[in-house]
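Summary of structural features
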Amino acid sequence: MVRNNKTLFKTFFQNFPLLLLFFLAFTGFDFSFFFNESNFSFNLIYLVIFYWILKKPEALGYGLIFFAGIINDIVQNLPIGISSINYLLLCAIASFVRTRTLLPNLLYDWVIFFIAIIIVSSINYTILIIIFDSPIRYGTLMSSSFITFLIYPVFSKIFNQIYLLNLSQENVE
């Protein structure tokens, strides 16, 4: 029984990024906070994709990320493929940074993440406005991107603890 629980625990933490990605895609869960009648939100799925592609790319496959984007488009009632383009562009940026980085640094990752979400948000806005003529408020999109940028170090620390826990489980066996 103890061996079965350890295997279950190990399997959960090995698949945690994938489970979290699909949980967020299927639920369309958005972290929103109301402060003085203002809506502040951040995009957790961007954080998940960027961090795990940067640190442990084998945890999330590009095909699964594309599929999660399709699911997210259906749940959010967006044109099919928009989220997939955003997610894969974020993957490309994180993958590029991973190959160019010699020594991981939270500050460096944070700055690159800011640049990445600005690029992704700009392309998202451009596609939705020009091609699909969708009503979208630029201020809301940019404030959400900025709050996502600000919250990155917190989730990076949380994900790093999960990553280290997974590594310790792999080293035990």
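The structure this text deals with has already been given above.
The following paragraphs examine the structure supplied in this document. Since the structure is predicted, the reported quantities are computational estimates derived from the model, not experimental observations.

Looking at the pattern of salt bridges
- As enumerated under the stated definition, the model contains 1 salt bridge in all.
- Across the pair Lys55 and Asp109 runs a salt bridge whose closest N-O atoms are separated by 3.1 Å. Of this pair, Lys55 sits in helix 3 (residues 44-55) while Asp109 sits in helix 6 (residues 106-131), placing them 54 residues apart in sequence.
- Classification of Lys55 by relative accessible area gives partly exposed; the value is 26%.

Let's talk about a nonpolar patch on the surface
- On the surface, Ile85, Leu107, Val111, Ile115, Ile119 and Ile123 cluster together into a nonpolar patch covering about 480 Å² of accessible area.
- With 5 residues, the single largest contributor to the nonpolar patch is helix 6.
- As for its position among the elements, Ile119 is in helix 6.
- A relative accessible area of 36% means that Ile119 is categorised as partly exposed.

Notes on the side chain of Ser95
- Relative to the elements of secondary structure, Ser95 occurs in helix 5 (residues 82-100).
- Since its relative accessible area comes to 18%, Ser95 is described here as buried.
- Ignoring anything within four residues of it in the chain, the contact list for Ser95 reads Ile53 and Tyr62.

Here we look at the nonpolar core
- Within the largest apolar cluster, 41 residues are counted, with the highest numbers of intra-cluster contacts made by Ile49, Phe50, Trp52 and Phe159.
- Every element with two or more residues in this core is listed here: helix 2 (16-27), helix 3, helix 4 (62-76), helix 5, helix 6 and helix 7 (138-172).
- The element contributing the most residues to this core is helix 3, with 11 residues.
- Beyond its immediate stretch of four places on either side in the chain, Phe50 contacts Leu90, Ile93, Ala94, Asp109, Ile112, Phe113, Ala116 and Tyr152.

Thoughts on the packing of aromatic side chains
- Taken as a whole, this structure holds 17 aromatic pairs when the rule is applied.
- Both rings, one in Trp52 and one in Phe159, keep their centres 6.0 Å apart while their planes meet at 45°; by these two values the pair is tilted. Taken together, the residues span a long stretch of sequence, with Trp52 in helix 3 and Phe159 in helix 7 at a distance of 107 residues. Just as Trp52 is buried, Phe159 falls in that class too.
- A centroid spacing of 4.7 Å and a plane angle of 25° characterise the contact between Phe113 and Tyr152, whose relative ring orientation is stacked. Taken as a pair, Phe113 in helix 6 and Tyr152 in helix 7 lie far apart in primary sequence, 39 residues in all.

Parameters at a glance
Residues numbered from 1 in each chain as written. Predicted model: local features only at pLDDT ≥ 70, side-chain atom pairs only at ≥ 80, totals over all residues. Heavy atoms only, no water. Salt bridge = Lys/Arg side-chain N within 4 Å of Asp/Glu carboxyl O. Helix = DSSP H or I, 4+ residues; strand = E, 2+ residues; numbered from the N terminus. Buried < 20%, exposed > 50% of the residue type's maximum accessible area, 1.4 Å probe, protein only. Patch = residues over 30% accessible without salt bridge, like charges linked within 9 Å, V, L, I, M, F, W, Y side chains within 5 Å. Areas by Shrake-Rupley, 256 points an atom, 1.4 Å probe, with all protein chains shown as cover. Contact = heavy atoms within 4.5 Å. Core = buried A, V, L, I, M, F, W, Y, C linked by side-chain atoms within 4.5 Å. Phe/Tyr/Trp six-rings, centres within 6.5 Å; stacked < 30°, edge-to-face > 60°.

It is worth stressing that arrangement in space is one thing and function is another; only the former is reported here.
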